[in-house]
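Letter by letter, the chains look like this.
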Amino acid sequence: MLEAEDVRRIALSLPDTTEKVAWSMPTFRVAGKMFATLPEDETSIAVRCPKEERDELALAEPEKFWIAGHEAQFAWVRVRLAALEDEAELRDILADSWRQAAPPRLLEAHPRLGLPHAG
């Protein structure tokens, strides 16, 4: 099962990512902009996700994705670590969120990072 240390290791492996405690929880930022958090008991993560996609994910896979009430107005979704298939799925989710927060200079330097795998 994936744990908080897996989230930390993968998130910090992404370019220009730092960890900062905010709201009494670990948060991960790219160039200072938050893209993931490890809330409460660290059994889930919160990541950036466009609202349309977020709503579809929460409806399609409620055992994996949900929307926290206090985050409903924001483009974030919660992900249950225990429901993820493997480390590759966690990496894809974190990289996608990283991509949404990363500045253009990093997106240009890492054009494939966070994009769905071709093939």
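Up top you'll find the structure we're talking about.
Below: a short report on this structure. (Residues numbered from 1 in each chain as written. Predicted model: local features only at pLDDT ≥ 70, side-chain atom pairs only at ≥ 80, totals over all residues. Heavy atoms only, no water.)

**Quick look at the side chain of Thr 37**
Then comes step 1: Within the fold, Thr 37 resides in strand S3 (residues 33-37).
Then comes step 2: Beyond its immediate stretch of four places on either side in the chain, Thr 37 contacts Met 25, Pro 26, Thr 27, Ser 44, Ile 45 and Ala 46. (Helix = DSSP H or I, 4+ residues; strand = E, 2+ residues; numbered from the N terminus. Contact = heavy atoms within 4.5 Å.)

**Concerning the nonpolar core**
Then comes step 1: If you look at the biggest cluster of nonpolar residues, it comprises 27 residues, and the most contacted ones within it are Val 7, Phe 35, Ile 45, Val 47, Val 79, Leu 90 and Leu 94.
Then comes step 2: Taken together, the elements giving at least two residues each to this core come down to helix H1 (4-13), strand S2 (25-30), S3, strand S4 (44-48), strand S6 (76-80) and helix H3 (87-101).
Then comes step 3: Looking at this core element by element, the count peaks at six residues for H3.
Then comes step 4: Contacts of Val 47, omitting those with residues within four sequence positions, involve Phe 35, Ala 36, Ala 75, Trp 76, Val 77, Val 79, Ile 93, Leu 94 and Ser 97. (Core = buried A, V, L, I, M, F, W, Y, C linked by side-chain atoms within 4.5 Å. Buried < 20%, exposed > 50% of the residue type's maximum accessible area, 1.4 Å probe, protein only.)

**Brief notes about the layout of surface pockets**
Then comes step 1: There is about 450 Å³ of room inside the largest pocket.
Then comes step 2: Forming the walls of the largest pocket are 23 residues, and the residues nearest its centre are Glu 89, Asp 92, Ile 93, Asp 96 and Gly 114.
Then comes step 3: For the lining of the largest pocket, a count of residues per class yields 12 nonpolar, four polar and seven charged.
Then comes step 4: What lines the second largest pocket is Trp 23, Met 25, Met 34, Thr 37, Pro 39, Glu 40, Ala 46, His 70, Glu 71, Phe 74, Trp 76 and Arg 78.
Then comes step 5: For the lining of the second largest pocket, the class distribution of residues is seven nonpolar, two polar and three charged. (1 Å grid on protein atoms, 1.4 Å probe; cavity = no way out; pocket = protein on both sides within 12 Å on 5 of 7 lines; lining within 4 Å. Points joined across faces, edges and corners; volume = space filled by probe spheres on them. Nonpolar A, V, L, I, M, F, W, Y, C, P; charged D, E, K, R; others polar.)

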